[in-house]
Amino acid sequence: MNILILGSGGREHSLAWAVMQNPKCDKLIVAPGNAGIAAIAQCAKLDIMDGAAVVTFCEGNNIDFVIIGPEAPLAAGVGDDLRAAGFDVFGPSKAAAALEASKAFTKEICDACDAPTAAYGHFTDAVSARAYVEKQGAPIVIKADGLAAGKGVIIAMTDAEALAAVDEMFDGAFGDAGAEVVIEEFMEGEEASFFVLCDGETVLPIGTAQDHKRVGEGDSGPNTGGMGAYSPAPVLSDEIAERALDEIIRPCMAEMAKRGMPYQGVLYAGLMIKDGQPRLVEYNVRFGDPECQVLMMRLGAQAFDLMQATAKGSLAEMQVNWAEDHALTVVMAANGYPGAYEKGSEIKGLKDLPEDSANMVFHAGTVAQDGAILANGGRVLNVTARGATLAEAQQRAYAMVDGIDWPEGFCRRDIGWRALS
Ligand code: AMP
Ligand code: GLY
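No experiment lies behind these values; they were computed from the predicted model shown.

> Hey, could you run me through the state of the cysteines in this one?
Under the definition given, this model contains zero disulfides. With no disulfide of its own, Cys-110 has Cys-252 as its nearest cysteine by sulfur position, at a separation of 4.2 Å.

Shown next, in the form of structure tokens:
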């Protein structure tokens, strides 16, 4: 088969790496890709937000199957355009992508099926939002309703911070994404990510992971897209995962089908766990980045069979045989990230690292120039390893990090601390 992956991050490199191992794959194209992806697949320039352009590209390149990596093209309906043109697609419809693109929509779905989540209010004007904050009091969480590239959530520890956040959102700090605001109860507990596939009807769990959102060690400093991850997440025990499926995920998927917008794709449930009870923080309609990198390391080639079954509606016939070991990924980012950073510095030492089923450097923001690999983004590399234990995976990943010569980059040295402590 000829397969197209849309995206350019570490997530898409790990998807490409897994797909390439599947014997069904004859040709793989990734648009737009990055330097690491270019070493294993063909990269193509393409505006992945332009559904008509993606359809034309698929027709011209005899593509059989399209995997959509990021949320923006899903929310823009690129998957719908492809399906209308007859292509098989991994990724939900525009209507179903509202589970990530609108926080108010997700809350309403949770209400309709009694899924445990934070109490909330939904507002379209600052006056009533401010009144709600004053009534509930801090700590409280203020969220822009729409997609805000991971920046639209403010956890306010005081009433003054909460009121300022409300004003900022209605003043347009997040553009259209903040025209509507959801205000939530602050939930305490430990966070974990649960990944399932859904083909519209059947739900199949494919793994758990924990991200490290803060830039600094011990989870300090500003939020980022994610500085490292590991899988499995010990806090999501089998028992809690079963509760999350029974109380949250399956009811929500059934509610989506009932509304005529069946969900087909990977569903990433962010859960808050306290005293054995999981509650939903949010849904994402795509793989997490860097969580995908550790999931792909454990799933390998079968990942593509599972994606195909998701698109075909045949997940009920599938089983997941993931490796019973641990995977851990360390994100290397450009100095300054998540604030201002420079592009163009050279990364050396990559060629001497092992690359096999237990050790991989997945590229994110990189570009190749005259045989050199240059940094070309904030998050730049995902140094990923497997081990019989999490400690072993961590030790292997940092051994690779130490082989990389890139003074203009940094990483957290404590990825995995929560599970290892
Ligand atoms: P989101 O963009 O929805 O993933 O939110 C970003 C992060 O904010 C989450 O990963 C949580 O760490 C935190 N968060 C979001 N909602 C809540 C909540 N209701 N209570 C506590 N923390 C939250
Ligand atoms: N790593 C968090 C995310 O992908 O949303």
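> Mind showing me how you'd approach the side chain of Asp-325 here?
Along the chain, Asp-325 turns up in the loop between helix H12 (302–312) and strand S17 (326–334). A distance of 2.9 Å separates a polar atom in the side chain of Asp-325 from a polar atom in the side chain of Arg-386. Beyond its immediate stretch of four places on either side in the chain, Asp-325 contacts Ser-231, Pro-232, Arg-298, Arg-386, Gly-387 and Ala-388.

> What is the right way to read the sheet that holds strand S20 (residues 366–369) from this model?
Note: strands within a sheet are paired through backbone hydrogen bonds, in either parallel or antiparallel orientation. The three strands lie next to each other as S18-S21-S20, forming an open sheet whose pairing is antiparallel. Looking at which strands have only one partner, the edges of the open sheet turn out to be strand S18 (346–347) and S20. Both S18 and strand S21 (residues 372–375) contribute to a ladder of two bridges, which runs antiparallel. Counterpart to Ile-347 in the pairing with S21 is Ile-373.

> What's the story with the pairing of strand S7 (residues 140–144) in this structure? I'm lost.
Two faces make up the sheet, and in a regular strand the side chains alternate between them. Summarising burial for S7: five of the five residues are buried, a large majority. Strand direction decides the pairing type here: S7 and strand S8 (residues 153–156), joined by four bridges, are antiparallel. Counted as the bridge partner of Ile-142 is Ile-154 from S8. Pairing of S7 with strand S9 (residues 181–185), which is carried by five bridges, proceeds in the antiparallel orientation. Within the sheet, the bridge partner assigned to Ile-140 lies in S9 and is Glu-185.

> Sorry if this is basic, but what is going on with the pattern of salt bridges here?
Here the structure, examined in full by the defined rule, presents 21 salt bridges. Across the pair Asp-219 and Arg-412 runs a salt bridge, and its minimum N-O distance is 2.8 Å. Of this pair, Asp-219 sits in the loop between strand S12 (214–216) and strand S13 (220–223) while Arg-412 sits in the loop between strand S23 (409–410) and helix H14 (417–420), placing them 193 residues apart in sequence. Given a relative accessible area of 21%, Asp-219 falls into the partly exposed group. Across the salt bridge formed by Glu-255 and Lys-258, the nearest N and O atoms sit 3.5 Å from each other. Residue Glu-255 and its partner Lys-258 are both found in helix H10 (residues 238–258); the two are separated by three residues, about one turn of the helix. The class for Glu-255 is buried, based on a relative accessible area of 9%.

> Looking at this model, I keep getting lost on the site of ligand 2. Mind explaining?
Close to ligand 2 lie Asp-211, Gly-225, Tyr-268, Arg-286, Gly-288, Asp-289, Pro-290 and Glu-291. In this structure, Gly-225 approaches ligand 2 through a main-chain N or O atom, which is 3.0 Å from a nitrogen atom. One of the backbone N or O atoms of Asp-289 is found 2.9 Å from a nitrogen atom in ligand 2. Notes on ligand 2: free accessible area 200 Å², of which the protein chains cover 87%. For the shell around ligand 2, the class distribution of residues is two nonpolar, two polar and four charged.

Cut-offs and rules
Residues numbered from 1 in each chain as written. Chains lettered and ligands numbered in written order. Predicted model: local features only at pLDDT ≥ 70, side-chain atom pairs only at ≥ 80, totals over all residues. Heavy atoms only, no water. Disulfide = S-S within 2.5 Å. Helix = DSSP H or I, 4+ residues; strand = E, 2+ residues; numbered from the N terminus. Polar contact = N/O pair within 3.5 Å; in protein donor to acceptor, adjacent residues only side chain to side chain. Contact = heavy atoms within 4.5 Å. Pairing = 2+ DSSP bridges. Buried < 20%, exposed > 50% of the residue type's maximum accessible area, 1.4 Å probe, protein only. Salt bridge = Lys/Arg side-chain N within 4 Å of Asp/Glu carboxyl O. Near = heavy atom within 4 Å. Areas by Shrake-Rupley, 256 points an atom, 1.4 Å probe, with all protein chains shown as cover. Nonpolar A, V, L, I, M, F, W, Y, C, P; charged D, E, K, R; others polar.

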